[in-house]
Amino acid sequence: MSLFTWWSRRRAAVLPVAPVVSDAYWSRPAEALLKELAGDPHGLSQHEAAARLKQYGPNSLKAVKHATALGLFVNQFRSPLVLILMAASLISLLAAEWVDAAVVLAIVLGSTLLGFTQEYVASHAIEKLRSKVVVHTLAWRDGQTRELPADRLVPGDVVQLSAGSLIPADGLVLVANDCFVNQAVLTGETFPAEKTSGVVAATAGLAERSNCVFMGTSVSSGSAQVLIVRTGQASVFGQIAGKLALRPPLTEFERGLQRFGNLLTRIMLVMVVVVLAINILLAKPAIDSLLFALALAVGLTPELLPAIVSITLSHGAKRMARKGVIVRRLNSIENLGSMDVLCTDKTGTLTAGVVELDAALDAAGQASPAVLQLAALNAQFQTGLVNPLDEAVLAASHQAGVEGAAWSKIDEIPYDFVRKCLSVVVADASGARQLITKGALDKVLDRCVSVGEQSVVLDASWRGQIEARYDEWSAQGYRVLGVATRPVELRQTRYTRADECGLCFAGFLLFLDPPKADVRQTLVDLARRGVALKIITGDNRKVARHVAEAVGLPVEHVLTGGELGEMGDEALLHAAGLCTLFAEVDPNQKERIILALQKTGHVVGYMGDGINDALALHRADVGISVDTAVDVAKDAADFVLSRKDLAILRQGIDEGRMTFANTLKYVLTTISANFGNMFSMATASIFLPFLPLLASQILLNNFLSDIPATAIASDRVDEEWVAQPRRWDTVFIRDYMVLFGLLSSLFDFLTFGALLWLFRSTPEEFRTGWFLESLLTELVIALVVRTRRPFYRSRPGNWLLISTLLVVAVALVLPYLPWSSIFGFVPLPAPLLLGMIGLTLAYVLAVELAKKSFYARVVKGRP
């Protein structure tokens, strides 16, 4: 994975921290570096660490800068339209048009305050949610290991790393035990690099510094003790990141919104230039014409769209947090709603996640306390990643009274995803040493030459018996591991993978993780929502098939890692969509599967919590992890669940679709009302001897209609919106804009005709009547287009309904208020007022009929 991709997901800005040691620290002995940093192998004192933290600042790559009230307020004035309007108001002041200028400035200020208030509340809510997901590291302080937030580390700290650790800062390796680090994010290396203690040349490149670890990389296997040397911006990653300052890649919905905004902007620019030019040619007042044209631009432009998106996303994130889904990347909420394929492992997701050791058996399939003791010693002394299988072994051995107090640990050969096994070297009370290997049965068996306590030769007959038992138990849903051992000689040097040979097969470990009671209904619910579930697991095919069938997941064919290795990309594109179960796959193959699904047009989610899931989490459109996951998995995820539960995720999907729906409601309201009104007004300004509305009236109309729009974020959502995945549809938006924009303009022209020829209105009455009718239609149309159902069968959210009714009431009384003349309003005769209300009701009926016809054609046109 490239640095660009990894960093764009982090969306970081780095705090400045100065280097504390000279360059090329990797070329210096560890003792000298410890002395220069005033460090200690047993860690700094808490007092010293606090002083250094104050001096150098937090070791953090902040996801976003904390939003200040002043910053957000100033940001409201970055819109070119707002700046142009303010400049035009100043021109009015210079021309002694005091009232017009004051009114325009007051409305602009009111609109910016509205946007500021909503964004300020939303930004603080998101910061609070993000703070719930913190990466921790194991550091030495005051002679003891303590789990600390990564941002509390300082130069001179000593940290313990193990498989799955996200490396928090640049450091020098003091002690390493088969430690391999995935540093492709910085170096582009395909395979993990081995890290050892020692000294390398001062001229060594990044990939050649085998005694260093770097911020942002992760431990694939093994363990190490590391001296922290550089933090924050002084780290290699921080220096690169500071120069990049990249935004994360846009989601599909963001790209759609961007295209929509660009379209309206182009239309707005053409309309403004044409209207201004024609009005000036017709000898209408130049300043009034300029303000009118600019106000048209504001009325047409969805200036609240960025704020509406932020507010809607923050509301969605807060609702999801209440249901146990923490959003790490806000803009991924829409992708979650669009997801139509979910890939996941079975453990803890489809199964209970409470693994129990059901039996420890010898090679003949008989219960064996000796096998249990070997497994317990292996689990007790391994120092890699904590896993439920070892916990189950230790619990069973404790219950059976099997103790390992007489044994001592000599060495360890850590687990990795190629060998799929882990070994420890132990010594009994007499000092005799023994190597104990535990892992995937086929991998362990390949390292064996004998079997049983009598060390009988492992011939084809014995191998056949062992594999038959394995197949039988796997088909019953057991996860089966193998245990093997051999005596080893005393030596001063480390034991390595080369020593995992000539083993004697001791027996089997049978683990059981039953399916969750409610998972079958959850899968039905996901299928109803248009989300197909695919299992991607490293377990053997028989166990995986048993679990899939037990939870009701149809399995026509199982695609194994071996078959994937022989399959080309084109063949995988076809097979990935048809297969529901992938077994015995490695981390790189998980990434291939997800990429194949994406290339066939799916929005793919991946749910994982292990080291081997990091690549897949990065690749997926929606990366989902859990709070108990390893650091590298949580860091790669877009969402973190409070527990590994598909039911929680299903609720999160619903929230994602509700967020998408409420954002789209604002877009539909804008194109169905604003576009038609502004087009009609621009046309009328050409043929009328006076401006149909003053600039202050247009801006007031826009401001009042924006108030209910901010309540769309908390609106109720019909079941139809969450029934299927939703994606941005440009053709749908275009057709909607054409139909409902033209319908809006038709009623606008009917209103013009009624005002001019039926009521014979004066210019002031025309503007007042037209202001009232256009505002009422914008308000009520939001209640109509927010649902595909007849509007009276879908109850809007309380805030949306209340704010709409309040603004309607304000609109009806506004012309009769004593100070209404400031805006150019006059009291309307009762017949004219009733006529405007009647036209509004007729418009609602027409939109309802058009909506029914439009959605009928949309449904019919779908394949």
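Residues numbered from 1 in each chain as written. Predicted model: local features only at pLDDT ≥ 70, side-chain atom pairs only at ≥ 80, totals over all residues. Heavy atoms only, no water.

**A look at the overall build of the protein chain**
Thinking step 1. Helix and strand content of the protein chain: 30 helices and 25 strands.
Thinking step 2. Looking at the protein chain as a whole, 57% of its 863 residues qualify as buried.
Thinking step 3. When the accessible surface of the protein chain is summed, it comes to about 35700 Å², and 61% of that surface belongs to carbon and sulfur atoms. (Helix = DSSP H or I, 4+ residues; strand = E, 2+ residues; numbered from the N terminus. Buried < 20%, exposed > 50% of the residue type's maximum accessible area, 1.4 Å probe, protein only. Areas by Shrake-Rupley, 256 points an atom, 1.4 Å probe, with all protein chains shown as cover.)

**Digging into the pairing of strand β15 (residues 433-440)**
Thinking step 1. For β15, a buried count of seven out of eight residues is recorded, marking the element as mostly surrounded by other parts of the structure.
Thinking step 2. The sheet contact formed by strand β14 (residues 421-427) and β15 spans seven bridges and is antiparallel. Its bridge partner lying in β15, Leu 422 is registered against Lys 438.
Thinking step 3. By the bridge criterion, eight bridges tie β15 to strand β18 (residues 479-488) in an arrangement that is antiparallel. Bridging across to β18, Leu 435 finds its partner in Arg 486. (Pairing = 2+ DSSP bridges.)

**Details of the environment of Lys 346**
Thinking step 1. Within the element layout of this structure, Lys 346 appears in the loop between β11 (341-344) and β12 (356-362).
Thinking step 2. The exposure class assigned to Lys 346 is buried, which follows from its relative accessible area of 5%.
Thinking step 3. Each C-alpha atom of the pair Lys 346 and Lys 534 lies 9.6 Å from the other, and the pair is 188 residues apart in sequence.
Thinking step 4. In this view, Lys 346 contacts Thr 351, Ile 535, Thr 537, Asp 539, Val 543, Ala 544 and Val 547; residues no more than four positions away in its chain are not counted. (Contact = heavy atoms within 4.5 Å.)

**Section: the packing of helix α13 (residues 369-381) against helix α14 (residues 388-400)**
Thinking step 1. At a minimum axis distance of 9 Å, the contact between α13 and α14 shows a crossing angle of 130°. Classed by the angle they form, the pair α13 and α14 counts as oblique. Where α13 crosses over α14, the two elements pack in a sense that is left-handed. From α13, Leu 372, Ala 375, Ala 376, Ala 379 and Gln 380 reach across to α14, where they touch Asp 390, Val 393, Leu 394, Ala 396, Ser 397 and Ala 400.
Thinking step 2. Looking at the contact of α13 with α14, its residues break down into eight nonpolar, two polar and one charged. (Axes fitted to C-alpha atoms, helices over the stretch in contact; angles between N-to-C directions. Parallel < 35°, antiparallel > 145°, perpendicular 65-115°, else oblique. Left-handed = near helix turned anticlockwise from the far one by under 90°. Nonpolar A, V, L, I, M, F, W, Y, C, P; charged D, E, K, R; others polar.)

**Considering the environment of Asp 539**
Thinking step 1. With respect to the element layout, Asp 539 can be found in the loop between β20 (532-536) and α18 (541-550).
Thinking step 2. A relative accessible area of 7% places Asp 539 in the buried class.
Thinking step 3. Sequence separation between Asp 539 and Thr 347 is 192 residues; the distance between their C-alpha atoms is 9.7 Å.
Thinking step 4. Look past the residues within four positions of Asp 539 in its chain and what remains in contact with it is Lys 346, Arg 479, Ala 583 and Glu 584.

**Observations regarding the packing of helix α27 (residues 730-758) against helix α28 (residues 763-785)**
Thinking step 1. Here α27 crosses α28 at 150°, and the two axes come no closer than 11 Å. The pairing of α27 with α28 is recorded here as roughly antiparallel in orientation. In terms of crossing hand, the pair formed by α27 and α28 is right-handed. Contact residues: α27 offers Tyr 736, Asp 748, Thr 751, Phe 752, Leu 755 and Leu 756, while α28 offers Phe 766, Gly 769, Trp 770, Glu 773 and Val 785.

**Side note on the confidence of the model for the protein chain**
Thinking step 1. Summing up the model confidence of the protein chain, the mean pLDDT is 81 and the portion of residues at 70 or higher is 83%.
Thinking step 2. Taken element by element, the protein chain is modelled with least confidence in helix α1 (residues 3-10), mean pLDDT 35, and with most confidence in strand β16 (residues 448-451), mean pLDDT 96.
Thinking step 3. Ignoring residues within four places in sequence, the model shows residues 1-20, a span with pLDDT below 50, making 74 contacts including any to other chains.
Thinking step 4. Predicted confidence for residues 243-247 stays below pLDDT 50, and this span has seven contacts to residues more than four positions away or in other chains. (pLDDT = per-residue confidence, 0-100.)

**Topic: the nonpolar core**
Thinking step 1. The biggest cluster of nonpolar side chains holds 62 residues, and the ones touching the most others in it are Leu 342, Leu 350 and Leu 649.
Thinking step 2. The contacts of Leu 649, once residues within four sequence positions are left out, are Leu 336, Leu 342, Met 607, Ile 624 and Leu 641.
Thinking step 3. With 35 residues, the next largest nonpolar core counts Ala 684, Leu 700, Leu 779 and Leu 833 among its residues. (Core = buried A, V, L, I, M, F, W, Y, C linked by side-chain atoms within 4.5 Å.)

**A few points about the sheet that holds strand β23 (residues 604-607)**
Thinking step 1. With mixed pairing, the eight strands of this open sheet are ordered in space as β10-β25-β24-β23-β11-β20-β22-β21. Single-partner strands in this sheet number two, and they are β10 (325-327) and β21 (558-560). Going from strand to strand, the sheet's axes swing by 20° on average, the running direction of each strand aside.
Thinking step 2. Two strands pair when backbone bridges link them, and β11 and β20 are joined in this way by four bridges, in the parallel orientation. Paired with Thr 344 across the two strands is Ile 535, which belongs to β20.
Thinking step 3. Packed on one face of the sheet, α18 meets β20, β21 and β22 (581-583) and runs near 150° to β22.
Thinking step 4. Each of β11, β20, β22 and β23 is contacted by helix α21 (residues 587-599), which is oriented at about 155° to β23, the strand it contacts most.

**Some details on the side chain of Lys 534**
Thinking step 1. By the element assignment, Lys 534 lies in strand β20.
Thinking step 2. A distance of 3.3 Å separates the side chain of Lys 534 from the backbone oxygen of Gly 577, its partner in a polar contact.
Thinking step 3. Once residues within four sequence positions are removed from consideration, Lys 534 is found in contact with Val 341, Leu 342, Cys 343, Thr 344, Ala 576, Gly 577, Cys 579, Thr 580, Phe 582 and Leu 597. (Polar contact = N/O pair within 3.5 Å; in protein donor to acceptor, adjacent residues only side chain to side chain.)

**Let's talk about helix α29 (residues 798-813)**
Along an α-helix, residues three or four positions apart point the same way, because every turn accommodates 3.6 residues.
Thinking step 1. Compared with an ideal rise of 1.5 Å per residue, which puts 16 residues at 22 Å, α29 spans 23 Å between its outermost C-alpha atoms and is within 8% of the ideal.
Thinking step 2. The set of residues buried in α29 consists of Leu 800, Ser 803, Thr 804, Val 807, Val 808 and Ala 811. Angular distribution of buried residues about the axis of α29 spans 140°; they occupy a single face of the element. The exposed residues of α29 that point more than 90 degrees off its buried face are Trp 799, Leu 805 and Leu 806.
Thinking step 3. Those residues of α29 that are buried lie in contact with α25 (695-709) and α28. (Expected span 1.5 Å × (residues − 1). Arc of directions from axis to C-beta.)

**What to know about the pairing of β18**
Thinking step 1. Most of β18 is tucked away: eight of the 10 residues are buried.
Thinking step 2. Looking at chain direction, β18 and strand β19 (residues 503-512) are connected through seven bridges and run antiparallel. Counterpart to Ala 484 in the pairing with β19 is Phe 505.

**Comments concerning the packing of aromatic side chains**
Thinking step 1. If you walk through the whole model with that rule in mind, you get 19 aromatic pairs.
Thinking step 2. Put simply, the rings of Phe 690, Phe 749, Phe 752, Phe 766 and Trp 770 pair up and form one aromatic cluster.
Thinking step 3. The ring centre of Trp 26 lies 3.6 Å from the NZ or CZ of Arg 209, which sits over that ring.
Thinking step 4. Its guanidinium or amino end placed over the ring of Trp 721, Arg 788 lies 5.8 Å from that ring's centre, counting from NZ or CZ. (Phe/Tyr/Trp six-rings, centres within 6.5 Å; stacked < 30°, edge-to-face > 60°. Lys NZ or Arg CZ within 6 Å of the ring centre and 35° of its normal.)

**Considerations on α27**
Thinking step 1. Along its 29 residues, α27 runs 41 Å from first to last C-alpha, staying within 8% of the 42 Å computed at 1.5 Å per residue.
Thinking step 2. Backbone geometry just downstream of α27 places Arg 760 in the positive-phi region, at approximately 45°.

**Some words on the pattern of salt bridges**
Thinking step 1. Counting across every chain of the model gives 29 salt bridges.
Thinking step 2. Its salt-bridge partner being Arg 494, residue Asp 411 comes within 2.9 Å of it at the nearest N-O pair. Note that Asp 411 is positioned in strand β13 (residues 408-413) and Arg 494 in the loop between β18 and β19, a separation of 83 residues in sequence.
Thinking step 3. Look at Asp 411 and you get buried, because its relative accessible area is 7%. (Salt bridge = Lys/Arg side-chain N within 4 Å of Asp/Glu carboxyl O.)

**Quick word on unusual backbone geometry**
Most peptide bonds are trans, and most residues other than glycine sit at a negative phi.
Thinking step 1. With a phi close to 55°, Ala 38 is a non-glycine residue in the positive phi region.
Thinking step 2. Tracing the backbone through its elements, the reader meets Ala 38 in the loop between α2 (30-36) and α3 (46-56).
Thinking step 3. With relative accessibility at 51%, the residue Ala 38 sits in the exposed group.
Thinking step 4. A positive phi angle is found at Arg 760, which is not glycine, with a value near 45°.

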